[in-house]
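Report on the structure
The primary structure of each chain is shown beneath.
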Amino acid sequence: RDSENDYALFIDEINRGNVSQIFGELITLIEDDKREGKPNAIEVELPYSKKKFSVPSNLYIVGTMNTADRSVEALDTALRRRFSFTEMVPRYDLAELQTKVAGFTPSSILQKINSRLEKLLDKDHLIGHSYFLDINGDLNKLILAFQHKIIPLLQEYFYGDTGKIGLILGKGFFEA
């Protein structure tokens, strides 16, 4: 055991898994007061190896999920009370989003798209800044980001309704 360092376990799309099958009976062990060295520490015997097991206090468990996919009903109560939910909103101020492409900054493009998405859908369907991070003023990279990431996402959001996708992207987006 290494008590000198902190460790993190990341579970992406935690809401898409069967939480009771992922954690099983160990769900209790991740509670702060039930961890190794804490007042109410619990140690269990693993069924196959018969070794004693507890969760160290220097292990951080981070579960991620998209807000558009957030089905809180899918997360059982046991999981919801053991995790904090922190919203990560798009960052328009990042330096990588300030380099102009075809006269516009990726930041301004993203803000415009997201303001329209919020009006047509809601704030849980905003597009994140990660789609624009490695554009670096390159028009071809911007086009590829739209072709392979943003437009498919909008098609999913609007079930292929090109009229609504057009409202998000604007009249000048498509070439005739």
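Description of the structure in this document. Since this is a predicted model, take the numbers as computed values, not measurements.

**Concerning the overall build of the protein chain**
Within the protein chain, the secondary structure is distributed over 5 helices and 4 strands. Secondary structure elements in the protein chain, listed N-terminal to C-terminal, are β-α-β-β-β-α-α-α-α. For the protein chain, with 176 residues in total, the buried portion stands at 28%. Considering only contacts within the protein chain whose residues lie at least 6 apart along the sequence, 55% involve residues at least 24 apart. For the protein chain, the exposed area adds up to about 12,000 Å²; of that, 52% sits on carbon and sulfur atoms.

**Focus on the layout of surface pockets**
Roughly 630 Å³ of internal volume is contained in the second largest pocket. Together, 21 residues line the second largest pocket, and Ile109, Leu142, Phe146, Gly172 and Phe173 are the ones closest to its centre. Listing elements by their share of the lining of the second largest pocket, those giving two or more residues are α3 (106–120), α4 (139–157) and α5 (162–169). Per element, the largest residue contribution to the lining of the second largest pocket is 6 residues, and it comes from α4. Here the lining of the second largest pocket is built from residues that sort into 14 nonpolar, 4 polar and 3 charged.

**What to know about the packing of α3 against α5**
The N-to-C vectors of α3 and α5 enclose an angle of 135 degrees; their axes lie 8 Å apart at closest approach. Taken together, the axes of α3 and α5 lie oblique to each other. On α5, the residues touching Ile113, Arg116, Leu117 and Leu120 of α3 are Lys164, Leu167, Ile168 and Leu169.

**Focus: the side chain of Asn114**
Tracing the backbone through its elements, the reader meets Asn114 in helix α3. A distance of 3.0 Å separates a polar atom in the side chain of Asn114 from a polar atom in the side chain of Tyr92. With residues near it in sequence (within four places) discarded, Asn114 still touches Pro90, Tyr92, Leu126 and Ile127.

**Notes on the packing of α3 against α4**
It is the contact of α3 with α4, at a shortest axis distance of 14 Å, that shows an interaxial angle of 5 degrees. With respect to each other, α3 and α4 are oriented roughly parallel. Residues Ile109, Ile113 and Leu117 of α3 lie in contact with α4, whose contacting residues are Leu142, Phe146, Leu154 and Tyr157. Per-class residue counts for the contact of α3 with α4 are 7 nonpolar, no polar and no charged.

The rules behind each value
Residues numbered from 1 in each chain as written. Predicted model: local features only at pLDDT ≥ 70, side-chain atom pairs only at ≥ 80, totals over all residues. Heavy atoms only, no water. Helix = DSSP H or I, 4+ residues; strand = E, 2+ residues; numbered from the N terminus. Buried < 20%, exposed > 50% of the residue type's maximum accessible area, 1.4 Å probe, protein only. Contact = heavy atoms within 4.5 Å. Areas by Shrake-Rupley, 256 points an atom, 1.4 Å probe, with all protein chains shown as cover. 1 Å grid on protein atoms, 1.4 Å probe; cavity = no way out; pocket = protein on both sides within 12 Å on 5 of 7 lines; lining within 4 Å. Points joined across faces, edges and corners; volume = space filled by probe spheres on them. Nonpolar A, V, L, I, M, F, W, Y, C, P; charged D, E, K, R; others polar. Axes fitted to C-alpha atoms, helices over the stretch in contact; angles between N-to-C directions. Parallel < 35°, antiparallel > 145°, perpendicular 65-115°, else oblique. Polar contact = N/O pair within 3.5 Å; in protein donor to acceptor, adjacent residues only side chain to side chain.

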